[in-house]
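Results of the structural survey
Listed here are the chains, written in short residue letters.
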Amino acid sequence: MTKDEVGKGGTCWLGEHHSSKSDHALQAEFIRSIFERRKERLGLSCPPMAIGLEQVQKQFQPALDDFIAGKISLAGLRDNIQWDKRWVWPFEVYQDIFLLARELRISMIAMNVDSEDLGPVEREGYPALGKERLRRYIKDPVGFADFSKPLSYKTYVDYVIKPSYDLHKDMGLLRSTITGQTLQEDMSFRNFFSGRILWDEAMASSAYEWTSLNPGGLFVGLVGADHIKFRDGVPGRYVRMVADRRDSVSVLLNPTLIDTRPSGSVSNFLPAYSTQFPERLTLQLRYLKEDVDESLAAAKALSNTGGVLPLADYIVVSNPVKDGKS
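For clarity, every value in this text was computed on a predicted model and none was experimentally measured. (Residues numbered from 1 in each chain as written. Predicted model: local features only at pLDDT ≥ 70, side-chain atom pairs only at ≥ 80, totals over all residues. Heavy atoms only, no water.)

1. What about the overall build of the chain?
Secondary structure assignment for the chain yields 13 helices and eight strands. In terms of overall size, the chain behaves like a compact globule, its C-alpha atoms giving a radius of gyration of 20 Å where 326 residues would be expected to give roughly 20 Å. The principal-axis extents of the C-alpha atoms in the chain amount to approximately 60 × 45 × 45 Å. For the chain, the proportion of its 326 residues judged to be buried stands at 53%. Considering only residue pairs separated by 6 or more positions, the chain has 73% of its internal contacts joining residues 24 or more positions apart. For the chain, the computed accessible surface area is about 15500 Å², with 53% contributed by carbon and sulfur atoms. Each charge class in the chain can be summarised by its mean position, and for the 41 positive and 43 negative side chains these summaries are 2 Å apart. (Helix = DSSP H or I, 4+ residues; strand = E, 2+ residues; numbered from the N terminus. Rg over C-alpha atoms; globule rule 2.2 N^0.38 Å. Buried < 20%, exposed > 50% of the residue type's maximum accessible area, 1.4 Å probe, protein only. Contact = heavy atoms within 4.5 Å. Areas by Shrake-Rupley, 256 points an atom, 1.4 Å probe, with all protein chains shown as cover. Lys, Arg positive; Asp, Glu negative; His and termini not counted. Charge placed at Lys NZ, Arg CZ, Asp CG, Glu CD.)

2. Observations regarding a nonpolar patch on the surface
Where nonpolar side chains cluster on the molecular surface, the patch consists of Leu283, Ile315 and Val317 and spans about 240 Å² of accessible area. With respect to the helices, strands and loops of the structure, Ile315 is situated in strand 8 (residues 314-316). (Patch = residues over 30% accessible without salt bridge, like charges linked within 9 Å, V, L, I, M, F, W, Y side chains within 5 Å. Salt bridge = Lys/Arg side-chain N within 4 Å of Asp/Glu carboxyl O.)

3. A word on the side chain of Gln57
On the secondary structure map, Gln57 appears in strand 2 (residues 49-57). Residue Gln57 is classed as buried on the basis of its relative accessible area of 4%. A polar contact of 2.8 Å, which involves the side chain of Gln57, links it to the side chain of Arg86. Once you skip the residues sitting within four places of it in the chain, Gln57 turns out to touch Arg86, Ala110, Asn112, Val113, Asp114, Ser115 and Glu116. (Polar contact = N/O pair within 3.5 Å; in protein donor to acceptor, adjacent residues only side chain to side chain.)

4. A word on the sheet that holds strand 8
Pairing between sheet strands relies on hydrogen bonds along the backbone, with the strands arranged either parallel or antiparallel. Spatially, the six strands line up as an open sheet ordered 3-2-4-1-5-8, and their pairing is parallel. Taken across any chain shown, the strands that pair with only one partner, and hence form the sheet edges, are strand 3 (107-112) and strand 8. The sheet shows a mean angle of 25° between the axes of neighbouring strands, direction not considered. Where strand 1 (residues 10-16) and strand 5 (residues 247-253) come together, six bridges link them in parallel fashion. Residue pairing in the sheet places Trp13 in a bridge with Ser250 of strand 5. (Pairing = 2+ DSSP bridges. Axes fitted to C-alpha atoms, helices over the stretch in contact; angles between N-to-C directions.)

5. Quick notes on the nonpolar core
With 89 residues, the main nonpolar core has Trp13, Ile31, Phe98, Met108 and Leu198 as its most contacted residues. Broken down by element, this core gets its largest block of residues, ten residues, from helix 11 (residues 189-213). Beyond its immediate sequence surroundings of up to four residues, Met108 is in contact with Ile51, Leu53, Gln61, Leu64, Asp65, Phe67, Ile68, Phe98 and Ala101. (Core = buried A, V, L, I, M, F, W, Y, C linked by side-chain atoms within 4.5 Å.)

6. Some points on unusual backbone geometry
If you check the backbone angles, Arg231 has positive phi at about 70° while not being a glycine. Mapped onto the secondary structure, Arg231 falls in the loop between strand 4 (218-224) and helix 12 (234-242).

7. Some words on helix 11
With 25 residues, helix 11 ought to run about 36 Å at 1.5 Å a step, and its terminal C-alpha atoms sit 36 Å apart, in line with that. Taken across its 25 residues, helix 11 has 19 buried, putting it largely inside the fold. (Expected span 1.5 Å × (residues − 1).)

8. Points about helix 3 (residues 61-68)
For helix 3, the complete set of buried residues consists of Gln61, Ala63, Leu64, Phe67 and Ile68. Around the axis of helix 3, the buried residues are gathered within 160° of arc, so they sit on the same side. Gly70 sits one or two positions beyond helix 3 and adopts a positive phi of about 80°. (Arc of directions from axis to C-beta.)

9. Focus on the pairing of strand 1
Of all seven residues making up strand 1, seven are buried, and the element is well covered by its neighbours. One ladder, built from seven bridges, connects strand 1 with strand 4; its direction is parallel. Bridge pairing in strand 4 links Thr11 to Phe219.

10. Comments concerning the side chain of Arg196
Relative to the helices and strands, Arg196 resides in helix 11. Setting aside residues no more than four positions away along its own chain, Arg196 makes contact with Tyr156, Val160, Ile161, Ser164, Asp226 and His227.

Next up, the structure:
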């Protein structure tokens, strides 16, 4: 992380398990540590930091600003961002991070797509939202479209997103949109995929906008592990936007076997949720050269490898904790 302390600025994505106390404790520890080290090394000239929140929808940015400014209480923040309606995970496991941000006067940035916009996409695809609303989240339509063209991205989709869709289907979770609107049949993969990548693009765009306005600043994004693993979620989209002008680092917190294999493929494997078997993690995702037919046996030859997608730049594991994650 040291290059982000004094380098070009940019982002550090901390991939969490939303209900894990140990993950959020690591996030708070990181934020305080890097804040203090940057202040110590750069003094009064230290560029700002911000904390990006997947957990808060963009429409509620004023509430985050009011909380940092001391205008509303922690309970007021919970109410004003409609936490219990819009985010299903416990507020209590995040509150130390919110309090730390206010103590250190670190801005918090709402990154998520508003439910009122994501719901129509899940129901009818992008046409239901309209160009004007889409441009709130997709600032570069050409880059957004081009990002999905390489074979490496197809490999990512097949390994990460399609199994997630299948798992949601098996669990009966595709008969309603994020806003609770009932669907007559299961959400199509196309609409599920459209919602997922809109979510990723929106978060990457939020970081891009902030880092563009704050040269040398460090944006720490708190997002679900699924959104950072194997690069082509949020981190890859941010890198596409900034090229090499800023740094971007991904950190997967307390990864488990189930984080590194397709959704549903290892759920019955006893240590699937444990962090104590790092030797079993899938650390790289191989993809083929563009002209190689994946259905042929020859595709397995090393000479046909186009490259690999890393699980993350860094993996951090907590000491054993009481909440059962480790």
